[in-house]
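# Structural features, examined
Each chain, letter by letter, is given below.
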Amino acid sequence: MKKIIQLLLSILFIIFSASCQAQVYPGDVNNNGSVDNMDFIYLCSVFGETGPARDDIDCGWEPHDYTPWNKTFKNSYKDIAHADCNGDGIINEDDVGAINLNSPFENSPPPPFPYSEGIAGVDPSFDLSYTSRRVEGGTEIELSVASNGHIEKYKRMAFTLEFDSDVDINTISDNYDIDYSESWVNSDGLGLEYAQTNESNNNLQIGIARINGWGPAKSGEGKIVKIKFIIIDNVIELMPVFNVKIKDAYIKTKTQRVGVTYDEIEINANPPDCGIILSCYFFNSSMIQFFFSPDADSWTWDFGDGQTSNELEPIHTFNNPGTYTITLTTSDGCLQYMGVIIEPETPDPEITVYPNPTTDGMVYFDIGNATVSYIQVWTQGVHFLNLDGAANHFDLSGYISGYYYFNFIDHNGTTIKSVSVYNY
Ligand SMILES: [Ca+2]
Ligand SMILES: [Ca+2]
């Protein structure tokens, strides 16, 4: 009987040993059953460590036997060999690739991670914003994440952007761009970054880390990252408004974990125009002044050529012929659009206006061989006077300081030249 029990115990021991064979699922660095951006954080916490390589140097999502490194993550009993995702015996950037490759595989739903959820008004917040414009198919939206509140000596951070459950992240975008160029978290380029969409949870997971030995901890506040999506055509009809929220943030500084509060924004694919009327005046074929009504508290003009202005009635010169969409966005979220066509320039007639700026207020015209029917005089967007085409001077001495515009009009009513003069 004793022998039978011993035999049974031996069999059980063999089964138990076999089932406890140390194994790595490449990418599941913290060995919690799933692959996500927290695995990136764990990996970066032991970056550069070395240990026994595996027999199979491979990142496939299946169990790989390994020899324990007998070193554990800080505050954990788990062996850091799990961070050597590809099994080559060193923990480095190549192992980040395995997280990308195998996210979001999971063997079992992981236990909830204790993210650093902060207290509103006390801890820093992570704020979301986006460039307010009509989100049409093919246009790019820029989502920005910024920290509001100083973060001292961060070493590693991670967070998730979650899109509305009824928007498929792949219908919003078939690609995205992660841009740290204006970011304080990696302004010296001495960090390591991770980003991966997770289709099943409809989110984008981000991780950023200062790697030991690569760069010191970084402190700062403000822009963290811009995420640029190209919107796919049909989103407007399917989803004129959708929400994006930031969640599951984790920040580890040199000394502690920092709590952070979250933000959520609504992206309106088709914002109202609020009855705003746009108009413009062509000084010549490429120099245009823009106007809008009714008034607003604040506004931004986007000229469609990469240039913007916060002036009330900006004068803008387009450098190239083409069709441009001019967008006005007001502080209350209203948008209005107009198109302008910039024709290729006709040869510039030899008309000179001098002196510029004025000294005693007198302005002289030399129209050379040009045929001028009359001369319009404008200021501050107001056309207030016409001069005879034969006029060779105009006296501004009785007028207030500022820019005045002289438009030379030919017999067809076409402005052949427009010149601005500053009157002292
Ligand atoms: Ca994991
Ligand atoms: Ca490795």
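All of these numbers come straight from a predicted model, not from anything done at the bench.

Now for unusual backbone geometry. Cis peptide bonds are those with omega within 30 degrees of zero, and the linkage from Tyr-354 to Pro-355 qualifies with -10°. Structurally, Pro-355 is set in the loop between strand S19 (352–354) and strand S20 (362–366). Cis geometry is adopted by the peptide bond preceding Pro-357, which originates at Asn-356 and carries an omega value of 0°. Relative to the helices and strands, Pro-357 is located in the loop between S19 and S20. Not every positive phi belongs to a glycine, and Asn-31 is a case in point at roughly 55°. Its location among the elements puts Asn-31 in the loop between strand S1 (23–24) and helix H2 (37–45). Even without being glycine, Asn-75 reaches a positive phi, approximately 60°. With respect to the helices and strands, Asn-75 occurs in the loop between strand S2 (64–65) and helix H3 (93–102).

Now for the sheet that holds strand S16 (residues 315–317). Reading across from one edge, S12-S13-S16 is the order of the 3 strands in this open sheet, with antiparallel pairing throughout. Bordering the open sheet on either side are strand S12 (277–282) and S16, each of which pairs with just one other strand. When the angles between neighbouring strand axes are averaged without regard to direction, this sheet yields 30°. Across 3 bridges, strand S13 (residues 287–293) lies against S16 in antiparallel orientation. Along S16, the bridge assignment pairs Met-287 with Thr-317.

The rules behind each value
Residues numbered from 1 in each chain as written. Chains lettered and ligands numbered in written order. Predicted model: local features only at pLDDT ≥ 70, side-chain atom pairs only at ≥ 80, totals over all residues. Helix = DSSP H or I, 4+ residues; strand = E, 2+ residues; numbered from the N terminus. Pairing = 2+ DSSP bridges. Axes fitted to C-alpha atoms, helices over the stretch in contact; angles between N-to-C directions.

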